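Coordinate analysis (summary)
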Amino acid sequence: MLLTFLLALICASQAQYQADWDSLDSRPLPSWYDEAKIGIFIHWGVFSVPSFGNEWFWSEWNGGDYDITNYLKNYYPPNWKYPNFAKDFTAEFYDPNEWAEIFANSGAKYIVLTSKHHEGYCLWPSKYSYSWNALDVGPGRDVVGELATAVRAKDLKFGLYHSYYEWFNELYLADKANGFQTTDFVDRKTDPELREIVNTYKPSIVWSDGDWDAPDTYWKSKEFLAWLYNESPVKDEVVVNDRWGAGTSCTHGGVYACWDRFNPGTLQSHKWENAMTIDYRSWGFRRNAKLSEYMTIEALLYELVSTVSCGGNLLMNIGPTKDGVIAPIFQQRLQELGTWLSINGDSIIVQGHGHHKTIP
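Reference entry: report on the structure contained in this document. Since the structure is predicted, the reported quantities are computational estimates derived from the model, not experimental observations.

What follows covers empty space enclosed by the protein. Applying the stated criterion to the full structure yields one cavity of 30 Å³ or more. Taken as a whole, the largest cavity encloses approximately 30 Å³ of empty space. For the largest cavity, the full set of lining residues is Tyr 33, Ile 205, Trp 207, Val 239, Val 240, Asn 241, Val 255 and Glu 273. Among the residues forming the lining of the largest cavity, the class breakdown is six nonpolar, one polar and one charged.

See below:
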């Protein structure tokens, strides 16, 4: 009885963060993140199959986008549905070790892969996404697990992006129709998924998105973060962003990513991140992209220096092809970045700017 009581006391003392923003926001930032400066974002999923428009292909098609509708009318059968694309998400040339080599040579220190974008397709064999994941349909592989192993072998930090909402999930749409007074989608799908990827892959970053339609009380994100900080296998090193419910961006959470391509141009009092794309028009791969629509190495270096000089980290995005290839244009930019950093890196890889608490 006494042992049980003591264990309960120990557990209670370890649960130092409560499920409220005052408590959660008091958590110091793990120091590795501030020191890293540069990360690589990877947007990859079923949207990489049409690779036309952008990663919002399904949503924009559903909304009647003329270019997408016309494209599909000309090249696909009249009864074509978006899930039909999944079988062609083959990833036959996906070599996670090759990817990790490219990333390491770029000078980046951490990787963030889209484990699940707004389309709901999971790049890991999730038990909460039957027949709509990379093991059941498409590559027939655990894409997340393979990349996690390869990236860590290069001594890089591995992180995962996860979208809260799914455009056309019936559970989500039902909750939305109920004014988010019901939480079936959260309880049965998205919260269990988040805990599944944390427990399985132990990501050093949990990059949340797709939160903006509903408040944090619907997503139960404060409860998730309290678990993440107090009990999860990555509680001491995990870094999170600020997209945890409507109104939380630039206000609550961990690192402030605020909005896409956020670069305030002045020193900030809170650690922040510039999540941006090398392709100006899309986060996913586009087969019809023009060279002029890719960031030049000069523009990329300016973005890096301006970001780091104001206390931010740069998270630069690439979009692999459906086959699992990092297109030569992306490889070239990453290689050029690595060459520049090998000469000038010490000038920007400096200690934290001192305006935020860090965990040493």
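Time to look at unusual backbone geometry. Notably, Asp 155 is not glycine yet its phi reads approximately 65°, a positive angle. In this fold, Asp 155 is placed in the loop between helix H7 (143–153) and strand S4 (157–163). For Arg 261, which is not a glycine, the phi torsion comes out positive at approximately 60°. Here Arg 261 is to be found in the loop between strand S6 (239–240) and strand S7 (272–277). Note on Arg 261: relative accessible area 36%, which makes it partly exposed.

This brings us to the pattern of salt bridges. Taken as a whole and assessed by the stated rule, the structure comprises 22 salt bridges. The salt bridge partner of Asp 209 is Arg 243, with a shortest N-O separation of 3.1 Å. One end of the pair, Asp 209, is in strand S5 (residues 205–209); the other, Arg 243, is in the loop between S6 and S7, and 34 residues separate them in sequence. Using a relative accessible area of 6% as the deciding quantity, one classes Arg 243 as buried.

Membership of the largest hydrophobic core comes to 91 residues, with the highest contact counts inside it found for Ile 42, Phe 103 and Leu 228. Judged by nonpolar contacts, the second largest core, of 16 residues, contains Ile 205, Val 239, Ala 257 and Leu 315.

This part covers the environment of Gln 331. Looking at the secondary structure, you find Gln 331 in helix H13 (residues 328–344). When the C-alpha atoms of Gln 331 and Asp 22 are compared, they prove to be 42 Å apart, with 309 residues separating the residues in sequence. In this view, Gln 331 contacts Ile 102 and Ile 326; residues no more than four positions away in its chain are not counted. Within the structure, Gln 331 has its side chain in polar contact with the backbone oxygen of Ile 326 (distance 2.8 Å).

This paragraph deals with the side chain of Thr 190. Take Thr 190: it is sitting in helix H9 (residues 184–201). Accessibility expressed as a relative area gives 0% for Thr 190, which makes it buried. Among the polar contacts listed, one links the side chain of Thr 190 to the backbone oxygen of Tyr 164, at a separation of 3.1 Å.

Parameters and conventions
- Residues numbered from 1 in each chain as written.
- Predicted model: local features only at pLDDT ≥ 70, side-chain atom pairs only at ≥ 80, totals over all residues.
- Heavy atoms only, no water.
- 1 Å grid on protein atoms, 1.4 Å probe; cavity = no way out; pocket = protein on both sides within 12 Å on 5 of 7 lines; lining within 4 Å.
- Points joined across faces, edges and corners; volume = space filled by probe spheres on them.
- Nonpolar A, V, L, I, M, F, W, Y, C, P; charged D, E, K, R; others polar.
- Helix = DSSP H or I, 4+ residues; strand = E, 2+ residues; numbered from the N terminus.
- Buried < 20%, exposed > 50% of the residue type's maximum accessible area, 1.4 Å probe, protein only.
- Salt bridge = Lys/Arg side-chain N within 4 Å of Asp/Glu carboxyl O.
- Core = buried A, V, L, I, M, F, W, Y, C linked by side-chain atoms within 4.5 Å.
- Contact = heavy atoms within 4.5 Å.
- Polar contact = N/O pair within 3.5 Å; in protein donor to acceptor, adjacent residues only side chain to side chain.

Purely geometric stuff here, so don't read any function into it on its own.
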